[in-house]
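# Structure at a glance
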Amino acid sequence: MRKWKMMVLVGMFASAMAFAQGGKETPSKAKEGKQPVTLRVWAGIQPEYGYDEMVQKFNEAFKDKGIQAEYVRYVNNGDGNLQLETYLMSGGDIDVFISYGGTGRLIPRIESGLVLPLDDLMAKTGFDIEGEMGVGNVTSYKYDGKFYAIPTKYENGAWIMANVDMFKAAGVELPYNGWTYDQFREACKKLTHGEGQDKVYGMNWFFSGDVANGDPIFYSTLGAKSTYKDADATETNYDDPAWKAGMQLAADTMLVDKTAITYDQIVGDKLRFANTFLEGKCAMQTGISQIRLVKDTATYPHDFMTAIIPGPVPTEKDLEYWDHAKINGAGDLICIASKTEHPEECAEFVKWYIQGGMAPLAKGGRIPLWTGVSKDDVIKAFETGAEGVFDADSLRNYLSIRTNLAEKGPTTSVNTQINTILKEEEAQAFYGRKSVDQALKDAKSRADALLKK
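Residues numbered from 1 in each chain as written. Predicted model: local features only at pLDDT ≥ 70, side-chain atom pairs only at ≥ 80, totals over all residues. Heavy atoms only, no water.

Okay, the sheet that holds strand β1 (residues 37–43) next. Spatial strand order, β2-β1-β3-β11-β6-β12: 6 strands in an open sheet with mixed pairing. Each of the sheet's edge strands pairs with one partner strand only, and the pair in question is β2 (67–73) and β12 (367–368). Alignment of β1 against strand β3 (residues 96–99), held across 2 bridges, turns out to be parallel. Looking at β3, one finds that Trp42 is bridged to Phe97. (Pairing = 2+ DSSP bridges. Helix = DSSP H or I, 4+ residues; strand = E, 2+ residues; numbered from the N terminus.)

Ordered in space as β8-β9-β7-β10, the 4 strands form an open sheet in which the pairing is mixed. Looking at the sheet topology across the chains shown, the edges are occupied by β8 (201–204) and β10 (306–310). The sheet shows a mean angle of 20° between the axes of neighbouring strands, taken without regard to direction. Examined bridge by bridge, strand β7 (residues 159–163) and strand β9 (residues 282–286) share 3 bridges and lie antiparallel to one another. From the neighbouring strand, Met161 faces β9, where its bridge partner is Gln285. The strands that helix α9 (residues 181–191) touches are β7, β8 and β9; relative to β8, the one it contacts most, it runs at about 125°. Here helix α16 (residues 392–399) sits on the sheet and contacts β7 and β10; the angle it forms with β10, its principal contact strand, is near 35°. (Axes fitted to C-alpha atoms, helices over the stretch in contact; angles between N-to-C directions. Contact = heavy atoms within 4.5 Å.)

Turning our attention to the pairing of β9. Within β9, 5 of the 5 residues are buried, leaving the element largely enclosed by the surrounding structure. Bridge count for β8 against β9 is 3 bridges, and the pairing is parallel. Its bridge partner lying in β9, Tyr201 is registered against Cys282. (Buried < 20%, exposed > 50% of the residue type's maximum accessible area, 1.4 Å probe, protein only.)

Take the packing of aromatic side chains next. For the structure shown, the criterion picks out 26 aromatic pairs. Their ring planes at 35° and their centres at 6.3 Å tell us that Trp42 and Tyr74 sit as a pair that is tilted. Within this pair, whereas Trp42 is found in strand β1, its partner Tyr74 is found in the loop between β2 and α3 (78–90), the two being separated by 32 residues in sequence. A relative accessible area of 0% means that Tyr74 is categorised as buried. Considering the side-chain rings of Trp159 and Trp322, the 6.1 Å spacing of their centres and the 55° angle between planes classify their relative orientation as tilted. With Trp159 in strand β7 and Trp322 in the loop between β10 and β11 (330–336), this pair connects stretches of sequence that are 163 residues apart. With relative accessibility at 0%, the residue Trp159 sits in the buried group. An aromatic cluster of at least three residues, connected via ring pairs, comprises Trp179, Phe184, Trp205, Phe218, Tyr219, Tyr238 and Trp243. Its guanidinium or amino end placed over the ring of Tyr321, Lys326 lies 4.6 Å from that ring's centre, counting from NZ or CZ. (Phe/Tyr/Trp six-rings, centres within 6.5 Å; stacked < 30°, edge-to-face > 60°. Lys NZ or Arg CZ within 6 Å of the ring centre and 35° of its normal.)

Position of Gln285 among the secondary structure elements: in strand β9. Residue Gln285 is classed as buried on the basis of its relative accessible area of 0%. Among the polar contacts listed, one links the side chain of Gln285 to the backbone nitrogen of Phe277, at a separation of 3.3 Å. (Polar contact = N/O pair within 3.5 Å; in protein donor to acceptor, adjacent residues only side chain to side chain.)

So this is what it looks like as structure tokens:
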């Protein structure tokens, strides 16, 4: 397999170190003897969204074992990931970390020797990775036959946020049991009203200018074939009718019906989830990952109720998978740093975290992936502080997704480049510079050329 290269600018090392510690001295490492081992756990979420409480519970549970944890937040962007990788390379300051961005970020970290294989370490704790997490959820995180990460969070990107008040006002029923593209398109027309700056749109497909936000809806019926035609990954599947139907739906609502915020508006006005959906500028929006913002009414005040509803499927025959059960919604990859001085203690933390320790994170919308999790406990944690904010029935509906049907396709060493190509061509279609047919044709030809190198 072609090797990835981790490029870190040596001249940025000192500034990255200073940035991570906020100008403070690096805490001393645990010494041999009676002093407890302190595990430094890095992740990209604000501590008040459950990580502070999680650490408190771990420290209480493991104080008699001489293991403690300390949480460090890094920002999940280019600079923040460079900071994380700089620390991983230097060693001694990170023991456990959460990796985002799927295999696109994970594989380079593995090939750069920054991550430990987990199979033997987790086996010593009695934790069966495939048995407890579900084979379909973890298979893609194997590299050369070994696991280097375990997904911890469930998140199905084909589900969307809906403004319950707007649905009621427009006389549109919430599609608890799914709906088709045609039904969705008609609903968007009913939900759209107003003109100019006061216009409220039925849908916003994207935020932050990232066309990938809408992709899970487009490929939800394809399952393992969302990117590649077969397990050998010799050819992309962008000529499948599902891709054409999904992208055409998005293009038509934006450019023909004028019932969805246009891509050029999103990019030009730097639109985000917070300043569109939470400000009442659209009735529906992709962004299941933004659940925590909906709950945080102190930072993002709004007076309407939100429902989590399934995105549409192409036709009635596809309603069998109305809940988008074929999508693998695994994320938040937990890893052990290769230079940790406490690998066995890290494995104990990973096991505890997955098997219920991460429950406080449900308050911020991070739903545990572990097969043994109590959905009632998750709902209880999630609803804390969310009274009147979320439609409870829709939340329970979301948590009932048949995760055992999830399918994960193959990965390749050029996954990241292929995803970039797709985004570029999608953007051309949604700007109206190319037809959907031409954009997908170009995406396929460019991506397939990479696979043949």
